[in-house]
Structure formats: structure tokens, C-alpha cells
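Letter by letter, the chains look like this.
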Amino acid sequence: MKKYKFSVLVLALSLALQGCSMSAAPPPATPEPTAEPEPEPVIITEAEYTGILSDGKELVPLCYSGSCFYCSSEEKTGENIPEKVKAEAKRKKTAPANDGRYDIYSVALYKVSPNGHISRLPDYSSVPPEENTNEWKDFSSVVTLDALRRKADGTFVAIEHTATSGNSVPADKAKVVPGKDYLEYKEKYYLRTLDKNGADLLTREISANEAKGMMADDSFHSGVAAEELTLCDFGVTEGSLVSEIYPLNRSNGFRFLSASFDSNSRKYSYELVTVKTREEESGENYSVLELSCEKSTPRLEEAVAAFNRQNTGHAVIRISATGGEQLQKEADLLYLSVPEAHSLAAEGKLVNLYDFMSADKTVQPTSFMQNILYAAEYDGGLYCTCSGFSISTLIGAASVTGNRCSWNYDDFRNAWWSLGQGSDALPLYYTSDEVYDFCSRMDGALMTAEEEEQLKAFCGNFPSSYQCFIGYPTGEDSSDLRIRSKCQLLMPAELFCFDDVIKLGYEFGEEIAYIGWPTLHGTGSTVTVSTLDYGMNLAISSSCKDRDAAWSFLKTFFSASYLNSMADQGRFFPSRYSCFNRGLNSVMSGEYAVDKNGDIVFEDGKRIFVSLGSMYLSDFSEVRYYPVSVQRAENFRMMAESVTKLSA
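The sections below set out a description of the structure shown in this document. The structure presented is a predicted model; accordingly, all values stated were derived computationally and were not measured.

Right, let's get into the overall build of the chain. Scanning the chain for helices and strands turns up 17 helices and 30 strands. Per-residue burial over the chain gives 45% buried out of 648 residues. Considering only contacts within the chain whose residues lie at least 6 apart along the sequence, 70% involve residues at least 24 apart. As displayed, the chain offers around 34,100 Å² of accessible surface, 49% of which is attributable to carbon and sulfur atoms.

Given below as C-alpha cells:
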């Protein structure tokens, strides 16, 4: 059992759970001096998380007894494989095929204790499913335990129902009526009384309206909906399945079940979350940090939930989504883009993170790629996290452009004209105005009037407009095939992860150059800095009431474990040198091909890598790709370490 402490402000939910109510008092007969407003009370919260050994089965919480949850679960008890399927399997001498459609399930009832122990009610069995007395085809009858309530004497009241379906088409084809729908479906509802071990005491059939009316009644529900609880305040991710929330009997607080589903193993895992609260006269030792964002995201909620769960009672973060473009600038933490951080830093609204990094040995600024820090900086200060980055650039065949990551207008023209008359430098839809916008952004304020004239002259080599395509470009129009056939010089590329470094360039059938736009100052590629979601990062407001707690949250996004995890998921290139080098080494690594004796195969004196996969060109031809060469990896490193401009 794990136990954590944190603080939260009093909410309407906590008032409801504690049974508090307020009524308006009549105004005083004579005016009284205005009293100083009392400080807003702080609730100190202790949360306990207890794992439940459910063996991966799905549990459906139905009721809470004041200490224990009672849950239903569907469990396979047999198979109802049709005779014709068995006969076909016998003919083929194989096992009868069963993809789950012929499985028979029954309902089980489980008790989940506060210590996480789970036990089956030994005497419970559901009402029996309907029998196929009418010899329907495709017959199915399923039993569901819809509602459960535990009475004060320990007995239970349950509502169950059977859903039966089948096809009643006559066996005699001469009796079949054309156009008639023979699909049959019926339901039956039952009200049951069970003893404390689940044994049947009384069962009677009731109408559907009576059953639905009883389930809508509060007699079957003693909690409140999970939607009324801010899950990340209690270390629970938004994607989790949460039961209703039930008040504790002998103390202030509440309890609920939290479930998560693993899509790979197809199994569920559960925790019992118990939250106990007490009022603290002074909240000076606790902090509630507000995190403002335009719109909350699953990754942001997961990060906040992880922080709230792991902290030791010093602070808790609450997400405040504005629902618009305007952030709540006075919040403690902000979720924003780098340009937004620059704007707020200019107003003195953000804290310089370099002050924290320099004092923290685990996240020294020198451990990070200096060009990425520079791109995220404002006036020499770092005002938001910069965990990783993606790159926008132009790529081409290295045999034409040369192995370099920058070039000027003359270099560009010479490479273009080397392709011969009728070739294109860029995809057919780029105009002179667009080329001017991109190139001028690279040089920015560094351009002199003379250099701007050079740029305008260079842009004159491109068409002022282009012919719109109807539908998708044909193979002859696609950039990858045009570069392969030396009809086009470059194509735009967005590199988000190391997998892109492997795949990009196989379209050309040769080494790739990440060369970017022509520029007179610096390189012609740009970066987008990201932390959790694409282009979004975290910052500490200058009005933050607990900067140390805020930094303890932000520093996790600079850690090597976090950066490696995000890089492995293909989220971005990590900005930490060690993590970036790890990722780059991985794209050069692979398994060597071996013969039937296990000996490495050589071709032209070189070892052959096993293919990492395949991809398709625009003409739908398939090419296989392999770990990249040292030359290509170093070309990418040279470009990635030289980019300092932010993408628009």
C-alpha cells in the first residue's frame, strides 16, 4: 500500500461528501463594520493507493457497503460450438475454430476489501439464461447483473436481466415469407434478494419499466459521479475508468475504484483509492499550484497526475483550462508555445529557468544541445521547458547538393542548374512569394538592404503562380520520384523522430542531404520545441507562490529517463546530448544477415544488415530500408546541432 499527502482547496464536492449545507441569513437591522474576509480554508488530504489482485479480469463496481466494493465480472464457463463447425473441424482433422463467438459466460460477484483483497461470493449464481426451445438459429442468451444494493442486515437486492436473440426462419424453405424479418430479440428482468454469501432467497420477474425505474432511484446509488472529481488532483489519469465516489463512514473523505486497461495484454488493473481529509488552520506549509492552459490534453493530465501522486505533501497541481486563446497569466504554471513564452517573458511574467538549472546538478545547461536552448531563449534567459524538438528542412540527393547543411543563393542556383534545362528546384506548387517568405525568415534582421536585393533577384527564378492540381499528384508529379530521376532538386521534410532519419532518403536511392533553404547567415532549417504535446511547453509564472514546488514538477521534463522515453515513442528528438546520441546510435544499429549455419553473410566484402522494414514510393513500388550509414547519421547530426531558428 502506498500513501501520499497533498492539499486541495475546498470544493463543492467536498462539501457534498461531508454533508455540509448553508442557508442565507437575514440582513442585520443596522449596518455593521465590514469584517476582514477570512482566509480560504485549506483541506489537507491523505490519499492511499491499494493495488487489487484481479488477475486481469474486468470488474464492474456495483455497490459500496461503507468499507467494501462489490463488483460483477463475466467469466467463461464453456463453449457452445455448433455441430456443423465441429463436423468441419473433424473433416479437416483440426480443432474447432472458435474466435470467441461460441463462448459461454456466466456472471460472478466479487467483494473488494479495503486492503485490496478480492474474494468471490461463493453461493452466488445468476438467473439461468433462456433456453432455445423454439430451435432458433444463431441463438444467444446473455445474463447481466445490472444493479446491486447491500442492505443494513448484510443481504443484497439485485436486478438482473436476460437478453435473448436468434433467427426464427423456418427450417422448411417453402414456409419462408420473402422480405419478412425473422430476427427475434427479447428481454426479461428479475428482482432478486440474496443472502450475504450471494445465495438466492427470492427471485421474481418484473417489467422492464419497473426495473429501469428502480435503477434510476437513489436506493441503488449512494455515491456521486466521477465527473465531479478532478482526477489528476488525486494522482489518477484522465483516461482511467473510475467508479462512483463514496463518502467514508467514520471520517471526512471518500473512496473510489480506479481501473486502467492494457491494450496489448487485453487485461485490466485496479486500484482502491482512499482519500481522507482534515482542515488545516494554516496552509503555509502546503501549496496548490494552478496550471493554466487553453485546452487540457491527456499527456498534460498524465504528467500532473504523476506529480500529484509522487509528491510528499508539499504541493498539488490543478489544471485550469481557459477554453480560449487567453491564458490565465496569474496562474502558477503555464502551458504554452515558445513564442508565447517569449511574449510573456518580455512583460516580466515568467521566471528564468536557468536560475534553477544552474543550481541543480542533474539538469545543468551544459548537458543540453546549445542551439536548442538558444532557439528557446529570450534575451539570454530560458523561460519554458525545451525537452525535445522537431525539424523543418529541405532534403535532396547528396550527389547533387553536396554533404552540407547550409548554402547561399549561388550554391542553390548552381546545384539546380546542374540538373539541366526543364528541371525544378522545388515542388511545383512553390511560388516566388513563398520562397521569399522562407528565405527572409532565415536571415531576419541580419539582412542588409543589398542582401535583400540579392534575395529578391534569387526569388525571381521561381514562378509567380502555379497551376492547381485536381486530385492527388501523379507519380510524375511526386517529389520523391522527380528527385530520383534528377528532375527536381529538393523536397520539404518534417523530421519528428529518429525513425524519420532512417526512412527519409530511401526515396532517392542514395545518400541524403539535409540542406534547408538558401541563406546568407546561419542555416536554412527551423525547429519546433516541444515538451509534452507538439509545440507546447511549461513555464513558471513570476507570480507563482511556490517556485520550488513548481520547479520540482518542471525538472522531470529535463530528465534523461523522460527524454529517452519520449524519443522511443517517436514524440521528438531529445535536447539532452546523452539522449540525442543514444537515439542517433540506435539508427545505425541492427542485426547482420547470417546464413543457415549462423555465419555472417558478406557482400563485396561488407556485412549485410537485416532490413528494418519496408515503405512505398509514390508510384506504389516498395523499397526496404536498413540502418543508416555513419555518413548519413553524421550529416543529420551536423544539421540538427546547427539549427537555431524557430519554425513559424
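Right, let's talk about the packing of aromatic side chains for a bit. Enumeration according to the criterion identifies 33 aromatic pairs in this entry. On the numbers, 5.3 Å between centres and 65 degrees between planes, the contact of Phe-307 with Phe-553 is edge-to-face. Of this pair, Phe-307 sits in helix H4 (residues 298-310) while Phe-553 sits in helix H14 (residues 547-554), and the two are 246 residues apart along the sequence. Residue classification places Phe-307 among the buried residues on the basis of a relative accessible area of 11%. With a relative accessible area of 1%, Phe-553 lands in the buried category. Between Tyr-409 and Phe-458, the aromatic rings sit 5.0 Å apart at their centres with planes inclined by 20 degrees, giving stacked as the arrangement. Residue Tyr-409 is found in helix H9 (residues 409-417), and its partner Phe-458 is found in helix H11 (residues 449-459); the two are separated by 49 residues along the sequence. For the pair Tyr-409 and Phe-458, one class covers both residues: buried. Through a chain of ring-to-ring contacts, the aromatic side chains of Phe-389, Phe-498, Tyr-514, Phe-573, Phe-580 and Phe-636 assemble into a single cluster. A cation over an aromatic ring shows up here: Arg-309 above the ring of Tyr-49, its NZ or CZ 3.9 Å from the ring centre.

All right, on to the nonpolar core then. One finds Ile-540, Phe-553 and Phe-636 to be the most contacted residues of the largest nonpolar core, which totals 90 residues. With near-sequence residues (within four places) excluded, Ile-540 lies in contact with Asp-332, Leu-333, Lys-349, Leu-350, Val-351, Leu-353, Phe-356, Arg-547, Ala-550, Trp-551 and Leu-554. Among the nonpolar cores identified, the runner-up in size contains 22 residues, and Ala-415, Trp-416, Leu-455 and Leu-489 belong to it.

Strand order in this open sheet of four strands is E7-E8-E9-E10, and the pairing throughout is antiparallel. Looking at strand neighbours, the two that pair on one side only are strand E7 (137-150) and strand E10 (200-206), the edges of this open sheet. Pairs of neighbouring strands in the sheet enclose a mean axial angle of 20 degrees, with direction left out of account. The sheet contact formed by E7 and strand E8 (residues 156-167) spans 11 bridges and is antiparallel. By the bridge assignment for E8, Ala-147 is matched with Ile-159. Contacts from helix H3 (residues 208-216) reach E7, E8, strand E9 (183-194) and E10 within the one sheet, and its direction differs from that of E10 by about 120 degrees.

The next subject is H14. Three or more residues of H14 are buried, namely Ala-549, Ala-550, Trp-551, Phe-553 and Leu-554. Tucked inside the fold, the buried residues of H14 contact strand E15 (287-293), H4, strand E16 (315-321), strand E17 (333-336), helix H6 (354-359) and strand E24 (537-540).

About the thresholds
Residues numbered from 1 in each chain as written. Predicted model: local features only at pLDDT ≥ 70, side-chain atom pairs only at ≥ 80, totals over all residues. Heavy atoms only, no water. Helix = DSSP H or I, 4+ residues; strand = E, 2+ residues; numbered from the N terminus. Buried < 20%, exposed > 50% of the residue type's maximum accessible area, 1.4 Å probe, protein only. Contact = heavy atoms within 4.5 Å. Areas by Shrake-Rupley, 256 points an atom, 1.4 Å probe, with all protein chains shown as cover. Phe/Tyr/Trp six-rings, centres within 6.5 Å; stacked < 30°, edge-to-face > 60°. Lys NZ or Arg CZ within 6 Å of the ring centre and 35° of its normal. Core = buried A, V, L, I, M, F, W, Y, C linked by side-chain atoms within 4.5 Å. Pairing = 2+ DSSP bridges. Axes fitted to C-alpha atoms, helices over the stretch in contact; angles between N-to-C directions.

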